[in-house]
Structure formats: structure tokens, C-alpha cells
Amino acid sequence: MQKPLCTLNVCPLGAEECPLCAEVQRLRSECAHLRELSHTDALTGVFNRRYLMTALDQERERTRRTGLPTSLIMIDFDHFKRINDTYGHQAGDEALKWASQVWLNSLRRIDILCRYGGEEFAVILPGTRLNAAVRAAKRLRAALEKTPVTLLGRSVPITASFGVDAYRHTEELTVRAFIKRTDHYLLEAKIKGRNQVCCRKAEKGKQTMEVTVDERAALYGGNIPSAPGPARKK
Amino acid sequence: MAEISRHNSFKPVMACLSSGKGGVGKTSLTVNLAFALAQKGLRVLVVDGDLGLANVDVLLGLQVKTTIQDIMDRDADPLEAVVYLEPRLGILPASSGVPDLAKLGPEDHRQLGSILLPIAQHFDFILVDTAAGIGSSVLWFNTFVDYNILVLTPDPTAMTDAYALIKVLSRDYNRKTFHLLLNQVKNEAEARQVYEHLARVASHFLNLNLEYLGAVPQDASVSKGVRQQQPFVKIAPQSKAAMAIKSHAERLKGWAAQKSASRKTVGEAGG
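The rules we used
Residues numbered from 1 in each chain as written. Chains lettered and ligands numbered in written order. Predicted model: local features only at pLDDT ≥ 70, side-chain atom pairs only at ≥ 80, totals over all residues. Heavy atoms only, no water. Pairing = 2+ DSSP bridges. Helix = DSSP H or I, 4+ residues; strand = E, 2+ residues; numbered from the N terminus. Axes fitted to C-alpha atoms, helices over the stretch in contact; angles between N-to-C directions. Contact = heavy atoms within 4.5 Å. Expected span 1.5 Å × (residues − 1). Buried < 20%, exposed > 50% of the residue type's maximum accessible area, 1.4 Å probe, protein only. Left-handed = near helix turned anticlockwise from the far one by under 90°. Nonpolar A, V, L, I, M, F, W, Y, C, P; charged D, E, K, R; others polar. pLDDT = per-residue confidence, 0-100.

1. Considerations on the sheet that holds strand β8 (residues 210-217) of chain B
Residues and elements named next belong to chain B.
Line of reasoning, step 1. If you walk across this open sheet you meet the 8 strands as β3-β4-β2-β5-β1-β6-β7-β8, and the pairing is mixed. The open sheet has two free edges, formed respectively by β3 (83-86) and β8, since each of these has just one partner strand. Averaged over all adjacent pairs, the angle separating strand axes in this sheet is 25°, with direction ignored.
Line of reasoning, step 2. Across 3 bridges, the pairing between β3 and strand β4 (residues 89-92) is antiparallel. Along β4, the bridge assignment pairs Val83 with Ile91.
Line of reasoning, step 3. Strands β1 (13-18), β2 (44-49), β3, β4, β5 (125-130), β6 (147-152), β7 (178-185) and β8 of the sheet are contacted by helix α1 (residues 26-39), whose axis makes an angle of about 170° with β5.
Line of reasoning, step 4. Lying over the sheet, helix α8 (residues 188-206) contacts β6, β7 and β8, oriented at roughly 155° with respect to β8.

Okay, here's the thing in C-alpha cells:
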């Protein structure tokens, strides 16, 4: 965002009702309003796809600098077409607004809920490890499942599928590639039967003192296998 | 302070002492090696790399006013933080009991690096005493320095933890040369046996050749030094442990000579 050329709120010439100053004020507030609109989804009031890309890029940079991972949850409603077909598109819109509110109530203030497009949503969880993000996704899934939406006077149960992944500071990954990778787990949740959370499998022991059983046996008992180990091949 | 004003673009030899397991005598060996190197005429800086539970200052009974954390948090002058134990032996202390500082991120490490490099220029040899374990700061210090020294005792758990650290550093951080320094050994034969065993395991599973730096025998003068808050090389220079340290310091001095020779060669080739 560009800095304003001047931050004066009163006329520099001292005129009491300066029309130019009034116009500058009006333009400023309109600019702020438009900025707000440019990153808000008109239907649900949550952030839009444009903001998702910007925020994810910023969080990626923060991860690179602080070492704290950024997690992403991709969400897609289950059988959403049925809702539209049965209750009409306006009811479908109501369901999206309803779900957004349910999720906003289950997220932290730092989390960024965005409508990615259609009935697809995304949540950025800044400075959050994969396991914590998976717990959050499970909370969102359960919250939606247990609070049916009222459409045309009828209580309609809705569910969604969730894919979760985390970006770590050691990775070279574009924002698009990160979304695509997370989408892969969303697809997995769909294939496995919907209304569930799928995520990247955490690499076991990567950060811990990982000594294999064979290595331990060799260290303690002097029992070194005669064949060269797997690390030996070049 | 007269010592510190020359060699503006000079980069000294940096080595760090790590162990995996705690309580194997890292800090004591670091301080004594530094003292012996200083006695050999080198200007040595000990960096207390145990950023959360610092203890170099405790071991030496130093009055610390400014720490590495003060430099990072409020831009304290790094050179004023250095406490001189001897004219040629400086200590850069850290804070104790500051848990969050033990978990630094990449940006903090970059800052730490930019703090250490200018200070380092005033010394010939930097010895970093890292924390135990395999935390992010231990890994970072080990990739920041030229030489990785692994301290261990003949205890199997010390051996396993040292091996684990070697494994992570070689696999994830591409470090390929490790110098083993055995502490609290009964005799040279025991030290050799432990080294050869660990070297065989590392060669088999990690395809690495471990270097033998040497051993420091069990010696009452070591604990006497800790009690008196003095390097044992200073208070018991003829003790077995002190003699061993002095001989290892000679090896380390060789690293400095090597670096200075290669710098000259590069300089001549470039000039």
C-alpha cells in the first residue's frame, strides 16, 4: 500500500471549510472501504481468494524467518449440489453463510478463514504445527456436523471434508504448490468417504534422536552386521 | 581492550563442542582447551552457546553484566559483553534460566551469526560450548563453525547420544567430519576402544569417517578446578588431565595454522 502524500486533516492554508480537504477526506474513507471490499467475500463476509493468496504468501515468509510452520486447511462441502438442487441456490448461499459463522466461532483470532471459491473454503493457521492444525480441522468438522442449518423451515444436516498440510521453513514451495499439496489431502478425504479430516503423515522421528534398532544394537553390543548398511551405497 | 582492534576482515577458526548427552564435561573441556590455546599465544574467545542454561560464567566465577541475549534484545555492544579471564582469553556469556531463548528461529540465528562474526574477527580461535541435546541452536552452531568436536564419555548412553547428533548433522546438515574427544576415561586404551567402536558403527551405518581428537583421563584436579571456579590447566598444570588438554590444544592450534596457511595461498593466488 502506498503512503499518502500528506497526512494533514486540516487545510494547510487555514481555510475553515476547505472543499479540497473535504474531498481528500472523502476519497480516503472510500479508499479504505474499497480496500476492505477487495479482500472480503461478498456473500459470507469472510476473506476472499485474493486475500488468501496474499496472506498465505506473507505467512510463508514469516515461517521462513521465524521457523514456525504455517498450516493450511482446505475445506469442501459434501454433496453441496444436493442442497442447491433440493432447496434452491439461495438456500445454498444461506448454508455457506451459516457454516462460515460456525467456523469463525471455532477458530482463533489469528486464523484466517477464506472462501476459496464456490463451496470451497480455506483456513490459514499462522505459526501452527501440523498436529495442532489437524486438531483444529477436527473441531471445525465436528462443529459443522452437530449444528444443522435451517433451510426453508427445515433443519438440514451439512458436513464437509478437510485436507490439512503444514509448510516448514526448510521447504522451497510456492503458495500455489502449497495449496495444491493441501488439496491433495482434501481429495483423499473425499475418496475415503467424506466428512473427515486427512493430512500429510508427519515424518516420524525427523526432529528426535533417531537411532534405529540396528544402530542401537551395534552401539551397545558391538553387533555390526557384516553386509554394508543402507547408508553405505553412494 | 587494546588487543581488539586489528584484523578487520580476518576470520578465525571456529569450533564447537557438543555432546548429545548432558553432563559429559563439555563446558569444562571447552574452558580448559581455550585456556591452553591462549597460553600458546592465540587469542581465544569462548562463546557460551547454551543460550537457555548458560554455565561457562558459573564454572569460572565470572561477574557477568551483559550477555548474548542482551546483545540480541537491546543492541548491547557485543565487545563490551566479552569478559576477559586472561589478556588473550575472552568469554562471551549467555543468560541462564531463559527457556524461550533456547528455541531460536532462523531469523534469530541469522542475527546471532551477524553478532558473532564481527566479534570473532578480534580473535584467532573461537570455541563454542553448545547446550546438550539436539535442539535448533545446537544444530545451528554446529553448521556455523568450521570444526565439529563431539565430547563423550565411555558411558553407552553418551555414545548413543553423540551418535544421534552425528547422524542428524550428517544426514540433514551435510556435515561430514567429526572429531571425537573422549572424557573421563580410565586410560588411553579405553578411549581408543570407545572411539574405534563408534567409528565402526558410523562407518557402517552413516558411511562417515570419525576423527580421533584425543582423550582426557579421569583426574581429581578436574573437580578441584570446578570447585575453585578455575581452569584445571591453570591450577594443576602438571596433572594428567591438564597435560592431555595441552596436547589437544596443540592439535587445535594446528587447525589455526592450517587455516592461516590456506588463506595466504588464496591471497597469493588472488593477488
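2. Some thoughts on helix α5 (residues 106-120) of chain B
Residue pairs three or four apart in sequence face the same way in an α-helix, which turns once every 3.6 residues.
Line of reasoning, step 1. An ideal rise of 1.5 Å per residue puts 21 Å on 15 residues; α5(B) measures up with 20 Å between its terminal C-alpha atoms.
Line of reasoning, step 2. Restricting attention to buried positions, one finds in α5(B) the residues Pro106(B), His109(B), Leu112(B), Gly113(B), Ile115(B), Leu116(B), Ile119(B) and Ala120(B).

3. Digging into unusual backbone geometry
Trans peptide bonds make up the majority, and among non-glycine residues the majority have a negative phi.
Residue and element names in this part refer to chain B.
Line of reasoning, step 1. Even without glycine at this site, Asn207 takes up a positive phi of about 55°.
Line of reasoning, step 2. Position of Asn207 relative to the elements: it lies in the loop between α8 and β8.
Line of reasoning, step 3. Assessed through its relative accessible area of 28%, Asn207 is described here as partly exposed.
Line of reasoning, step 4. Non-glycine residue Gln229 carries a positive phi angle of around 55°.
Line of reasoning, step 5. Positionally, Gln229 belongs in the loop between α9 (220-228) and α10 (232-235).

4. Quick word on the packing of helix α6 (residues 136-144) of chain B against helix α7 (residues 156-173) of chain B
Working note: a packed helix pair is described by the angle between its axes plus the distance between those axes.
Residues and elements named next belong to chain B.
Line of reasoning, step 1. Where α6 contacts α7, the two axes come as close as 11 Å, and the packing angle between them is 65°. Every pair of crossing elements has a handedness; the one defined by α6 and α7 is right-handed. Each of Val138, Leu139, Asn142 and Thr143 in α6 lies in contact with α7, whose residues at this interface are Leu165, Val168, Leu169 and Tyr173.
Line of reasoning, step 2. Classifying every residue of the contact of α6 with α7 by side-chain character gives 6 nonpolar, 2 polar and no charged.

5. Notes on the confidence of the model for chain B
Residue and element names in this part refer to chain B.
Line of reasoning, step 1. This prediction gives chain B a mean pLDDT of 87; 91% of its residues lie at or above 70.
Line of reasoning, step 2. Scored below 50 in pLDDT, residues 1-8 shows 14 contacts in the model against residues more than four places distant or in partner chains.
Line of reasoning, step 3. Interface confidence for the predicted complex, expressed as ipTM, amounts to 0.79; the pTM equals 0.70.

6. Thoughts on helix α5 (residues 130-146) of chain A
Line of reasoning, step 1. Across its 17 residues, α5(A) extends 24 Å between first and last C-alpha, which sits within 8% of the 24 Å expected from 1.5 Å per residue.
Line of reasoning, step 2. Elements that come into contact with the buried residues of α5(A) comprise β1 (70-77), α4 (89-106), β3 (120-125), β6 (160-167) and β7 (197-199) of chain A.

7. Regarding the sheet that holds strand β2 (residues 112-117) of chain A
Hydrogen bonding along the main chain pairs the strands of a sheet, whether they run parallel or antiparallel.
Residues and elements named next belong to chain A.
Line of reasoning, step 1. Read from one edge to the other, the open sheet built from 5 strands follows the order β2-β3-β1-β6-β7, with strand pairing classed as mixed. Either end of the sheet is taken by a strand with one partner, and the two such strands are β2 and β7. Neighbouring strand axes in the sheet, compared pairwise and without regard to direction, differ in orientation by 20° on average.
Line of reasoning, step 2. Relative to β3, β1 is paired through 6 bridges, and the arrangement is antiparallel. Within β3, the residue paired with Ile73 across the bridge is Val123.
Line of reasoning, step 3. Running over the sheet, α5 touches β1, β3, β6 and β7 and is turned about 165° from β6.

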